[in-house]
Each structure stands twice: as structure tokens, then as C-alpha cells.
Amino acid sequence: MPGGLGCCQAGAHPPPSSSLLLPAPEQLRICGQAPLPMGRPQSSRRTGQKKQQLDKAERPQSPSYAVQAPCPKEPCLGPPTTLGPHRSIYFSSPKGYLTRLGSEFFDQPAVTLAQAFLGQVLVRRLPNGTELRGRIVETEAYLGPEDEAAHSRGGRQTPRNRGMFMKPGTLYVYIIYGMYFCMNISSQGDGACVLLRALEPLEGLETMRQLRSTLRKGTASRVLKDRELCSGPSKLCQALAIDKSFDQRDLAQDEAIWLEHGPLEPSGPTVVAAARVGIGYAGEWSRKPLRFYVRGSPWVSVVDRVAEQDAQA
């Protein structure tokens with residue numbers, strides 16, 4: 001885990017799928033007519049009128065969901081003005097259900113997991129039901145006891161870092177400077193995990209902005225730009241209202257935070273491997289290319305031009 005200021009970093013989708021709910025046939029109104037009767041019309045004093053009504057009632061009617069001709073006097077039946085329950089417009093299965101990533105996704109080595117996170121969507125459901133979404137664009141891998149930059153270096157286990165030694169997919173949230181939080185996800189290997197460094201905000205930006213303005217110190221009066229909302233590990237925790245209470249939660253099972261499969265899975269030249277940020281104390285480990293980010297993304301916290309040039313060479 002990086003320490004110091006580096007960790008804090010202070011510095012056409014398809015529409016959601018839903019099913020149209022149609023009223024029962026007896027509730028439909030065809031333009032220019034009274035509501036359709038369920039059976040034959042009642043008896044009439046005039047035989048001719050009765051026959052005409054019976055003939056009309058026995059004629060085949062158009063399906064209740066068919067498009068009707070415009071009517072100047074009455075509004076024609078159309079789709080509901082509101083859609084059904086909210087579903088992800090970013091990452092959904094062919095049947096339209098949320099595609100939440102399960103425990104098997106997190107059960108891989110830290111380096112591969114850090115790269116697999118890129119393009120996935122982190123979802124945070126607030127107590128009032130509001131859902132915030134952000135696509136992961138930057139991560140860092142921490143390899144466990146051998147890694148001099150990891151909180152688990154040397155195999156140390158403490159109440160603080162216990163989440164690093166729990167099953168893959170467990171959150172490890174820690175505080176720095178007494179006010180900022182950083183969120184990691186455990187991977188394969190004791191003491192190994194992945195730090196989430198930056199997100200591309202997708203949904204709930206105004207709520208994120210409000211949370212950042214409320215929690216950040218200093219220039220709180222300045223309105224934050226979209227690219228500033230989640231461009232750092234502590235920034236994204238502020239924007240998603242993530243604190244120490246999330247430590248040791250299961251990302252595959254929790255109801256307030258989870259990961260959804262994204263349509264973008266960067267690979268090859270799209271992913272930049274660079275040195276991690278803010279770990280100058282870790283000797284040779286500070287130079288290892290264990291930070292991964294999406295090339296060209298304006299939401300990345302720190303761009304490494306040298307690493308990008310080396311990747312192109």
C-alpha cells in the first residue's frame with residue numbers, strides 16, 4: 001500500500017432493458033370508442049341496433065398492444081411513461097439482469113486481478129437507495145509478504161490488515177492522515193491485494209460531487225470537475241461514501257457495494273504498466289511496474305509518459 005501523499009492523491013450505451021406492462025383488455029380504450037366490453041352487449045329495444053352491436057362485438061379485434069391510428073379527441077394507448085425497475089445500462093446479461101461478478105472472479109493472482117479490474121464497474125448503493133457507478137481505470141497490485149510496499153510485508157498480520165489475508169474479494173479499507181480512506185480487494189495469496197486508484201464516473205455524478213465537497217478539506221467552495229471526482233484512491237472513497245466500516249466486507253455478497261461486468265476489457269497496448277505511486281521507501285519495489293491504467297483515460301490519477309513510450313517501443 002502506498003503511504004504518504006501519493007496514496008491520497010489529493011492532487012452510445014444501449015438503453016436499460018425493461019418489460020412494458022400492458023393493461024388488461026377490458027381496460028383498453030381504442031381511439032373514438034368507449035372501453036371494450038368483456039362479453040356481448042346488453043339487450044336493446046331495437047332489434048337492428050342489437051344485431052349491429054352483436055356483429056361488431058364478434059369481429060376480430062386488433063391485439064391490445066397494437067399501434068392505433070392517431071385520434072384528435074382522445075389519446076391513444078401508448079407505452080408507459082415510466083420504465084420498470086432500474087437495471088444497469090452498462091453491464092447486463094442478454095436477459096437484462098445485473099451481471100454481478102462473483103467470488104470466482106476475484107480468485108486470481110494480484111497482478112492478473114489488477115488488470116482484470118480495468119473496465120469493470122464498481123457500484124455503491126447508498127442507504128436511500130441511490131446507486132453510484134464508476135468504471136475502474138487504474139489499479140495497483142500488492143503481492144504480499146515479499147512486497148516491501150505492502151502492508152503485509154514480511155508476513156505481518158495485524159487487526160488493521162486482516163482483510164488482506166481473508167478470502168479473495170474481501171475489502172481491505174484503511175485510513176491515512178486520520179481523514180482519508182483507501183480501498184483494496186484481496187486476491188489469491190496470503191497478504192496480496194489490489195488497490196483501486198481511479199474510476200470513470202458513470203452514474204450519480206452530482207451525488208458524488210456533493211459527497212466530495214462535503215468530505216474534502218481546503219478549497220471546499222470550488223466546484224469539482226467530473227474528471228476530479230474519482231481520480232485518486234481517496235477521492236473515489238469520498239465520492240462513493242466508503243469508510244472504515246467497509247473493511248472486511250465481501251465484494252461478491254455485500255448489498256451496499258459490488259462489482260458489475262463491464263463491456264470494456266482493455267488489453268495489450270490499451271493497458272499501461274507503470275511504477276506504483278507514493279512508495280519511495282520500498283527500494284527496488286518502488287520501480288516495479290505493478291500499477292495498471294487505461295491509456296488515454298482522462299480519469300487516471302497519474303500518467304506515466306515514460307512507461308507509455310516504452311510500451312510503444
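Look above for the structure.
We now turn to the structure provided with this report. (Residues numbered from 1 in each chain as written. Predicted model: local features only at pLDDT ≥ 70, side-chain atom pairs only at ≥ 80, totals over all residues. Heavy atoms only, no water.)

Moving on: unusual backbone geometry. Even without being a glycine, Tyr177 presents a positive backbone phi close to 55 degrees. Take Tyr177: it is sitting in the loop between strand S3 (171-176) and strand S4 (180-186). Overall, Tyr177 belongs to the partly exposed group, its relative accessible area being 49%. The phi dihedral of Gln248 is positive, around 70 degrees, even though this residue is not glycine. Within the secondary structure, Gln248 is located in the loop between helix H6 (233-239) and strand S6 (257-260). Overall, Gln248 belongs to the partly exposed group, its relative accessible area being 29%. (Helix = DSSP H or I, 4+ residues; strand = E, 2+ residues; numbered from the N terminus. Buried < 20%, exposed > 50% of the residue type's maximum accessible area, 1.4 Å probe, protein only.)

The next subject is the environment of Gln210. Among the structural elements, Gln210 can be located in helix H5 (residues 205-215). Each C-alpha atom of the pair Gln210 and Gln238 lies 9.7 Å from the other, and the pair is 28 residues apart in sequence.

A separate point is the packing of aromatic side chains. How two aromatic rings sit relative to each other is set out by the distance from centre to centre and by the angle between their planes. Applying the stated criterion across every chain yields a total of 4 aromatic pairs. Measuring from ring centre to ring centre gives 5.3 Å for Phe105 and Phe106, while their planes differ by 85 degrees; the resulting arrangement is edge-to-face. Residue Phe105 is classed as buried on the basis of its relative accessible area, which comes to 15%. You can call Phe106 buried: its relative accessible area is 0%. A ring pair is formed by Phe106 and Phe117, whose centres lie 6.2 Å apart and whose planes are at 50 degrees; its orientation type is tilted. In this pair, Phe106 is assigned in helix H3 (residues 103-106) and Phe117 in helix H4 (residues 110-117), connecting sequence segments 11 residues apart. Residue Phe106 shares its accessibility class with Phe117, and that shared class is buried. (Phe/Tyr/Trp six-rings, centres within 6.5 Å; stacked < 30°, edge-to-face > 60°.)

For side chains of opposite charge, pairing can occur when their charged atoms come near one another. Tallied over the entire structure, the rule returns 17 salt bridges. The partner of Glu138 in a salt bridge is Arg197, and the shortest N-O contact between them spans 3.1 Å. Of this pair, Glu138 sits in strand S2 (residues 131-142) while Arg197 is found in strand S5 (residues 193-203), placing the two residues 59 residues apart along the sequence. With relative accessibility at 0%, the residue Glu138 sits in the buried group. Classification of Arg197 as buried rests on a relative accessible area of 0%. (Salt bridge = Lys/Arg side-chain N within 4 Å of Asp/Glu carboxyl O.)

Of all the 5 residues making up strand S1 (residues 121-125), 4 are buried; the element is thus mostly covered by neighbouring parts of the structure. Here S1 runs beside S2; their pairing, made up of 5 bridges, is antiparallel. Each bridged residue has a counterpart across the sheet, and for Leu122 the counterpart in S2 is Gly134. Here S1 pairs with S6 via 4 bridges, running antiparallel. Bridge pairing in S6 links Val123 to Trp258. (Pairing = 2+ DSSP bridges.)

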